[in-house]
Amino acid sequence: MKRFTLQLAVTCGLSLLALTACGGGGNPSNPQPANNGNNGNNGNNGNNGNNGNNGNNGNNSNNGGSNNGGTVDPFIECSGNGDCAANAVCMDGVCNIEPGGTTEITIGFERGSAVLPIGEPPEIGCYSDPVVLDDQVEYVQMSGEIEKFGPGGSTQGLCVSVYNSDKMLAYFQEVCADVDPNESEALEECFGADPCRCEKADDPDACNLKIGYCPVIGDAGMKAECEAKFAYTGANGNRDTGREATLIYGHHVSIAPPDDPSNTDVGWYKIEGVPSKTKLVLKVSGKTIRWIDTFEFGIVLNDVKDEGGKKVNTWGGNVISVGAWNSIPSTALVPTGIQDGHGAIAGRLNDCGKEGRTIEIEGQSYNASKPAPIENATINVSHDGTRLTYFNGNPDDSLPQPERISTNKLAVYAAINVPAGPNIVSNIGRLNGELHSLGARRIYLPPHSVAIATFEGALLPTPY
């Protein structure tokens with residue numbers, strides 16, 4: 001089963017990011033936040049003597065020190081509307097640009113090459129009252145196909161790794177915070193290592209210790225050190241504390257799909273022992289001359305099925321090719337390209353889905369209960385890149401629509417040349433005359449990487 005997360009065109013050199021201008025970014029090696037430069041949003045001035053620029057003309061603010069005696073949250077941009085420009089509101093710690101006029105959010109149903117309007121308002125209750133992760137954790141087989149964006153050959157032979165999300169956010173901030181963003185080799189050593197690259201290292205055990213992949217370490221002392229560092233500290237009695245004593249649950253080099261073994265183009269992965277009801281990150285990487293490391297945030301395995309006595313959950317992955325990465329700057333009107341220490345964020349916004357929802361098409365009723373793309377919402381990030389764009393509503397040829405100031409029928413967005421480091425993706429829209437939060441997600445963007453933050457109904461408290 002294929003799972004749609006983000007469709008980006010491969011035509012026209014992958015016209016990924018032709019965006020309207022936003023502000024600049026911050027220092028990824030500094031754990032304090034850079035101000036969102038969207039349309040000159042105000043910088044967080046950081047009380048008690050912090051030096052934050054006001055963000056006019058998209059300038060960045062680099063808060064140092066503390067705010068009212070506490071440590072500044074590196075993800076957060078604002079604590080109230082006073083920290084934002086006049087056309088923005090502070091929600092989920094982000095200055096969110098208000099949708100224009102009185103435009104209300106709507107939802108659509110994909111059918112062929114069209115997205116047809118569903119004749120009822122979006123279901124957004126899960127974003128204000130998200131599903132609580134219960135205690136019934138199961139350890140399952142996580143598997144799926146790897147979709148590619150841009151020219152890049154087969155997605156077989158790629159390294160697919162699954163991480164504990166909370167531990168990853170902490171790990172990147174702790175281990176990589178002091179790396180010089182202009183030192184590409186140091187950045188690669190800190191952020192680029194993964195299980196497949198550790199297999200080729202001079203000392204694989206030391207490499208796996210550094211990246212927190214505890215189960216595969218052969219040296220007993222190193223393994224104990226790794227497990228102690230990444231030990232499970234929660235109180236959930238259904239957790240297997242041995243399996244949870246790691247940052248990386250498992251990895252697999254993608255192969256031909258088992259139901260299509262002669263397929264030489266599409267890669268498929270399988271990772272055993274992944275916990276359900278848990279915030280996860282899926283990383284896909286390959287040879288750096290062909291692929292860009294791609295991280296997908298916001299994964300929770302809730303759709304667990306029993307297949308022949310085995311617990312399984314399907315989740316397709318994504319990877320972007322170097323060819324697409326190199327073509328993005330010109331199509332996005334960023335002539336300087338994606339700079340060292342920067343990357344891109346992309347994804348899609350959906351409503352919560354609604355059991356029993358249908359759509360009538362030419363006298364026939366279709367099931368429309370799954371989460372549907374939200375039109376007329378705005379996507380915002382706490383630490384801006386150079387540009388942000390929304391895409392058109394054509395499923396067969398999804399291209400940037402630079403004139404748009406809110407999501408189109410497919411609700412696909414992307415931001416380019418975003419500074420590496422902590423970030424929050426936040427969404428808002430107007431329904432029944434009122435502005436509503438449509439979910440937020442905490443992510444960490446490694447340099448020279450793509451972070452995918454797709455919203456498919458809120459499964460977690462916000463901001464995540």
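Here the structure is a predicted model, which means the values were calculated and not measured.

Points about the side chain of Ser276
Among the structural elements, Ser276 can be located in the loop between strand S11 (267–275) and strand S12 (280–285). With residues up to four places along the chain from it excluded, the contact list for Ser276 reads Gln136, Val137, Glu138, Arg239, Leu301 and Val304.

Comments concerning the confidence of the model for the chain
Scored by pLDDT, the chain has a mean of 82; 83% of the residues are at 70 or more. Ranking the elements of the chain by mean pLDDT puts strand S1 (residues 20–21) last, at 28, and strand S10 (residues 248–253) first, at 98. Scored below 50 in pLDDT, residues 1–70 shows 217 contacts in the model against residues more than four places distant or in partner chains.

Brief notes about the sheet that holds strand S21 (residues 378–381)
Note: strands within a sheet are paired through backbone hydrogen bonds, in either parallel or antiparallel orientation. On the basis of which strands lie adjacent, the open sheet formed by three strands has the order S21-S24-S25 and antiparallel pairing. Single-partner strands in this sheet number two, and they are S21 and strand S25 (434–445). Within the sheet, the average angular offset between the axes of one strand and its neighbour, ignoring direction, is 20 degrees. Relative to S25, strand S24 (residues 421–431) runs antiparallel, the two being bridged by ten bridges. Each residue of the ladder has a partner; that of Gly421, found in S25, is Leu445. This element, helix H2 (residues 165–175), spans S24 and S25 of the sheet and lies at about 55 degrees to S25.

Observations regarding the packing of aromatic side chains
Under the definition given, this model contains seven aromatic pairs. Summarising the aromatic geometry, the rings of Phe172 and Tyr444 are spaced 5.2 Å apart at their centres and angled 40 degrees between planes, so their arrangement reads as tilted. In this pair, Phe172 is assigned in helix H2 and Tyr444 in strand S25, connecting sequence segments 272 residues apart. The two residues Phe172 and Tyr444 agree in class, both being buried. Positioned above the aromatic ring of Phe455 is the side chain of Arg441, whose terminal nitrogen or guanidinium carbon lies 4.3 Å from the ring centre.

Cut-off values and rules
Residues numbered from 1 in each chain as written. Predicted model: local features only at pLDDT ≥ 70, side-chain atom pairs only at ≥ 80, totals over all residues. Heavy atoms only, no water. Helix = DSSP H or I, 4+ residues; strand = E, 2+ residues; numbered from the N terminus. Contact = heavy atoms within 4.5 Å. pLDDT = per-residue confidence, 0-100. Pairing = 2+ DSSP bridges. Axes fitted to C-alpha atoms, helices over the stretch in contact; angles between N-to-C directions. Phe/Tyr/Trp six-rings, centres within 6.5 Å; stacked < 30°, edge-to-face > 60°. Buried < 20%, exposed > 50% of the residue type's maximum accessible area, 1.4 Å probe, protein only. Lys NZ or Arg CZ within 6 Å of the ring centre and 35° of its normal.

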